[in-house]
Amino acid sequence: MAHIEWDNALYSVKIDEFDNHHKRIVDYINELHSAMMVGKGKEALHEILHQLKEYTQYHFKAEEEKMIDANYPFLEEHKKEHRKLIQMLTDRMKDYEKGSMEVSVDTFKFLKQWLFDHIQGTDRKYTSYLKN
């Protein structure tokens, strides 16, 4: 069973493309959780972080392009949040490669919290702009 179950009422931004992207990001977080549950979190962490970073960059680019097309007034603020997550993922990957990062529990907690804070707070703000 997945650790995070998608709930449209809680997490949907009401734009199918981006809901599907967010669901994929949830899948990565669930993969990390599953690996942790069988004692393989540390081994799985680097690959999951790498895949998550690549996918979030793809997702962020798609969101930002739609925001530009819609003249979204909070674009720069939104882009800053995106850059912060990408930097955090980059830093965590470097820490892992240097051997200075502990098992993935902290990363898991951070990703879970960041994702849903971002979706429920920042992303939901763009729905009305992008749907028009």
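About the thresholds
Residues numbered from 1 in each chain as written. Predicted model: local features only at pLDDT ≥ 70, side-chain atom pairs only at ≥ 80, totals over all residues. Heavy atoms only, no water. Phe/Tyr/Trp six-rings, centres within 6.5 Å; stacked < 30°, edge-to-face > 60°. Helix = DSSP H or I, 4+ residues; strand = E, 2+ residues; numbered from the N terminus. Buried < 20%, exposed > 50% of the residue type's maximum accessible area, 1.4 Å probe, protein only. Lys NZ or Arg CZ within 6 Å of the ring centre and 35° of its normal. 1 Å grid on protein atoms, 1.4 Å probe; cavity = no way out; pocket = protein on both sides within 12 Å on 5 of 7 lines; lining within 4 Å. Points joined across faces, edges and corners; volume = space filled by probe spheres on them. Nonpolar A, V, L, I, M, F, W, Y, C, P; charged D, E, K, R; others polar.

## Overview of the packing of aromatic side chains
- Throughout the structure, instances matching the rule amount to 9 aromatic pairs.
- Pairing F18 with Y126 gives two aromatic rings, centres 5.8 Å apart and planes at 70°, and the pair type is edge-to-face. Taken together, the residues F18 in helix α2 (residues 16-37) and Y126 in the loop between α5 (105-122) and α6 (127-131) connect sequence positions 108 residues apart.
- For the ring pair Y28 and Y55, a centre distance of 6.1 Å and an interplane angle of 55° mean the geometry is tilted. Taken together, the positions of Y28 in helix α2 and Y55 in helix α3 (residues 41-69) put the pair 27 residues apart, joining distant regions of the chain.
- For Y28, a relative accessible area of 8% translates into the label buried.
- Exposure remark for Y55: the relative accessible area of 18% places this residue in the buried category.
- Aromatic ring contacts, followed pair by pair, group F18, Y72, F74, Y126 and Y129 into a single cluster.
- Positioned over the ring face of Y28 is R24, at 3.8 Å from the centre of the ring.

## Concerning empty space enclosed by the protein
- Within this structure, the stated rule accounts for 1 cavity of 30 Å³ or more.
- Its boundaries defined by the atoms lining it, the largest cavity holds a volume of some 80 Å³.
- Lining the largest cavity are 14 residues, with I25, T56, L85, W114 and L115 positioned closest to its centre.
- Grouping the amino acids of the lining of the largest cavity by side-chain chemistry returns 9 nonpolar, 4 polar and 1 charged.

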